[in-house]
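# An overview of the molecular structure
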Amino acid sequence: MELLRKWLGHPEDIYNLLRFKMGGYRAVMPRMDTVSGEGCADGGKRFAVAGARCSRCGAGHGRRRRRWGALSCPGVDTVLPWDDMSIPLDVKVPMLHEFHSHLYQPDWKYTESKEKDRQVLEDFPTISMEFRKLSKVYQDVISDICHKMGVGMAEFLEKKVDSQHEWDKYCHYVAGLVGIGLSRLFSASELEDSIVGQDTDLANSMGLFLQKTNIIRDYLEDQMEGREFWPREVWSRYAKKLSDLAKPENIDVAVQCLNELITNALHHVPDVLTYLSRLKNQSVFNFCAIPQVMAIATLAACYNNQQVFRGVVKIRKGQAVTLMMDATNIQAVKAIMYQYVEEIYQKIPSTDPSCHRTQQAIAAIRAASLPHGGPMASRHHYSPIYLSCAMLLAALSWQYLSTLSKATEEYVQAGDN
C-alpha cells in the first residue's frame, strides 16, 4: 500500500523507471569517448578522459565519495588515503605530500592499512602501471592534481573547518581540484574547447556545489562517525557544539543553521550553469550535468527539513532516474534548476534569519535559468492525475492477469493429473 501511494503521488517516477529499463539508459550513458594512451604495447589500453564516478554513484567509500569524481586511471578518489583512520598521522601526512610521486614508482604500495578499501593501496602497482601508459599530457594533469589534493588534505587532517573561507578551501581540496583536473583533461583530449580547462573558477564551483550538498545532507552520519565538516563560523551562531543541533530541543535553530548553509551552496549554481553551457560533447555533458541536478534536488529535499538531524534525506529512486533522463542538454538542466529553486523558494520561512539571502540567491539562479526573462516551461508533458490513473489501471491489470495466469496454470496441472 505504501509503495502504491508513492507511485500514485509521483506517477512520472514509475513512467521514467520503465523508460530507463526499456533502453532510455542509452541516452543517459552514451558510449564514452576515449583517448589511447601512448606506450601501450598492444594499443588496446584506453584512457576514458571523461570517465569518473560522480560524488554519490558508488557506495562504500566513506568520505571519499564526497568528491565530484575520480580522475579515471589512478582512481584518485580511492587511493589518496587521507580518511584512512588506521594509518598513523606521522605516516599519513608525508604519504599525502609524496603521493603524486608514487604514481611513477612501479613497486610502491602500502600494506599496513586496516580499512575495507585497503586493497587499492595494496594493489597500487597495478594502478600506477596504467597511469604510466597514459600520454604525458594526461599524466601531468593527474599528477599535478594528486599533488595539490594531497597537500590540501594533509592540511585539514589536524584542524577543523572554522570559517566559511576555510569551508570553501576544504571543499576545493577534496572536490574543486577534481573538477579542475577533469576540466583540464576534457580540454587536453579535445573533447571540449580550451576555455573549459582554463576557467578554473567555474570548474571549482562545480566541485564545491556537490561537496557542500553532501556535507550538508550528511550531518547526522558525520556526527555518528566523529567527523565535523560544517563551518564553525556558521553553526556557532546557533549552538555551543555542532552536536547540539541534533538535540530535539534545538531543532528550530538547527533548521535555521541548515538553511543558511544551503543558501551558501546555492550561490554556486549560476557558475554551474555557465560551465555546463560551454560543453559540447554529449558524454562529457551527461557526466557533468547529472550529479549537479541530483545535488539541487537533494538541497530542495533538505531545505527547512528537520529530518536532516534525525535520519537520512534521500531523493526517490524514480526521481533520480527522471533527472538522469532529463538532464541531457543545457535548457533541460536550466529547467530542472529552476524547478527545484522554486520549490525551495516556496518553503522559505519569513522568520528565517537567512530568508533574504536565500531569496537573493534564488533570484540569481532564476536570472541564469530563464530564457530571455520569460517563464520556464514545465518539464512534465502529462497531467499527474492522468498518469496516476494510468498507473493504477496498469497495476490492477497486472494483478488481474497474474491471478488469471496462475489460475489457468493450476487448472491445466489439475487436468494433467
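Residues numbered from 1 in each chain as written. Predicted model: local features only at pLDDT ≥ 70, side-chain atom pairs only at ≥ 80, totals over all residues. Heavy atoms only, no water.

### As for the overall build of the protein chain
- From N to C terminus, the protein chain includes 19 helices and two strands.
- A burial count over the protein chain gives 51% of its 417 residues as buried.
- Sequence-distant contacts in the protein chain: of pairs separated by 6 or more residues, those separated by 24 or more amount to 70%.
- For the protein chain, the exposed surface amounts to about 20,100 Å²; the carbon and sulfur share of it is 54%. (Helix = DSSP H or I, 4+ residues; strand = E, 2+ residues; numbered from the N terminus. Buried < 20%, exposed > 50% of the residue type's maximum accessible area, 1.4 Å probe, protein only. Contact = heavy atoms within 4.5 Å. Areas by Shrake-Rupley, 256 points an atom, 1.4 Å probe, with all protein chains shown as cover.)

### Examining the confidence of the model for the protein chain
- Put simply, the protein chain has an average pLDDT of 79, and 69% of its residues get 70 or more.
- Every residue in residues 377-398 is under pLDDT 50, and counting partners more than four places away or in other chains gives 17 contacts. (pLDDT = per-residue confidence, 0-100.)

### Some details on the nonpolar core
- Formed by 103 residues in total, the largest nonpolar core has its most connected members in Trp230, Leu245, Leu266, Tyr275, Leu276 and Phe309.
- Per element, the largest residue contribution to this core is 14 residues, and it comes from helix α15 (residues 282-302). (Core = buried A, V, L, I, M, F, W, Y, C linked by side-chain atoms within 4.5 Å.)

### Quick notes on the pattern of salt bridges
- Applying the stated criterion across every chain, the model contains 18 salt bridges.
- Three or more residues are tied together by salt bridges with common partners; here these are Glu155, Lys159, Glu166 and Lys169. (Salt bridge = Lys/Arg side-chain N within 4 Å of Asp/Glu carboxyl O.)

### Topic: the environment of Ile290
- Relative to the helices and strands, Ile290 resides in helix α15.
- The class for Ile290 is buried, based on a relative accessible area of 11%.
- Sequence separation between Ile290 and Met325 is 35 residues, and the spatial gap between their C-alpha atoms is 9.1 Å.

### Topic: the environment of Tyr173
- Within the secondary structure layout, Tyr173 lies in helix α8 (residues 164-188).
- A C-alpha to C-alpha distance of 9.5 Å links Tyr173 and Gly207, two positions 34 residues apart in sequence.
- Contacts of Tyr173, omitting those with residues within four sequence positions, involve Lys148, Met149, Gly152, Met153, Glu155 and Phe156.
- Polar side-chain contacts of Tyr173 include one of 3.2 Å to the side chain of Glu155. (Polar contact = N/O pair within 3.5 Å; in protein donor to acceptor, adjacent residues only side chain to side chain.)

### Observations regarding the packing of α8 against helix α10 (residues 200-217)
- It is the contact of α8 with α10, at a shortest axis distance of 7 Å, that shows an interaxial angle of 125 degrees. Regarding the angle of α8 to α10, the classification is oblique. Note on packing geometry: the crossing formed by α8 with α10 is right-handed. Touching Trp167, Asp168, Tyr170, Cys171, His172, Val174, Ala175, Gly176, Leu177, Gly179, Ile180 and Ser183 of α8 are Thr200, Ala203, Asn204, Gly207, Leu208, Gln211, Lys212, Ile215 and Ile216, all from α10.
- Across the contact of α8 with α10, the residue classes tally to 11 nonpolar, eight polar and two charged. (Axes fitted to C-alpha atoms, helices over the stretch in contact; angles between N-to-C directions. Parallel < 35°, antiparallel > 145°, perpendicular 65-115°, else oblique. Left-handed = near helix turned anticlockwise from the far one by under 90°. Nonpolar A, V, L, I, M, F, W, Y, C, P; charged D, E, K, R; others polar.)

### Describing the environment of Tyr275
- Among the structural elements, Tyr275 can be located in helix α14 (residues 269-277).
- Spatially, the C-alpha atom of Tyr275 lies 7.4 Å from that of Val196, the residues being 79 residues apart in sequence.
- For Tyr275, the side chain forms a polar contact with the side chain of Ser183, separated by 2.6 Å.

### Brief notes about the packing of aromatic side chains
- A full pass over the atoms with the stated rule returns 11 aromatic pairs.
- On the numbers, 5.3 Å between centres and 65 degrees between planes, the contact of Phe99 with Phe124 is edge-to-face. Taken together, the residues span a long stretch of sequence, with Phe99 in helix α4 (residues 89-102) and Phe124 in helix α6 (residues 124-132) at a distance of 25 residues. Across the pair, exposure class does not vary: Phe99 and Phe124 are buried alike.
- Each ring, one from Tyr219 and one from Trp230, has its centre 5.0 Å from the other, and the planes form 50 degrees; the classification is tilted. Taken together, the residues span a long stretch of sequence, with Tyr219 in helix α11 (residues 219-224) and Trp230 in the loop between α11 and α12 (232-235) at a distance of 11 residues. Of the two residues examined, Tyr219 and Trp230, each falls in the buried class.
- Ring pairs connect the aromatic residues Phe156, Tyr170, Tyr173 and Phe229, which therefore count as one cluster. (Phe/Tyr/Trp six-rings, centres within 6.5 Å; stacked < 30°, edge-to-face > 60°.)

### Looking at helix α17 (residues 330-346)
- Compared with the 24 Å implied by 1.5 Å per residue over 17 residues, the 24 Å span of α17 between its first and last C-alpha is a close match.
- Buried residues of α17: Ile330, Ala332, Val333, Lys334, Ala335, Ile336, Met337, Tyr338, Tyr340, Val341, Glu342 and Ile344, and no others.
- Elements in contact with the buried residues of α17: α13 (251-266), α14, α15, α16 (317-326) and α18 (355-369).
- Capping the start of α17, Asn329 holds a side-chain oxygen 3.2 Å from the backbone nitrogen of Gln331, two or three residues further along. (Expected span 1.5 Å × (residues − 1).)

### Digging into α15
- Along its 21 residues, α15 runs 30 Å from first to last C-alpha, staying within 8% of the 30 Å computed at 1.5 Å per residue.
- Of all 21 residues making up α15, 19 are buried, and the element is well covered by its neighbours.
- Its side-chain oxygen placed 2.9 Å from the backbone nitrogen of Ser283, Asn281 serves as the N-cap of α15.
- Phi turns positive, to about 55 degrees, at Asn304, one or two residues after α15.

### Description of the packing of α10 against α13
- The contact between α10 and α13 brings their axes to 9 Å, and the two run at 170 degrees. On the basis of the axis angle, α10 is roughly antiparallel to α13. Note on element contacts: α13 touches α10 through Leu258, Leu261, Ile262, Asn264 and Ala265, opposite Phe209, Lys212 and Ile216.
- The residue inventory of the contact of α10 with α13, partitioned by class, reads six nonpolar, one polar and one charged.

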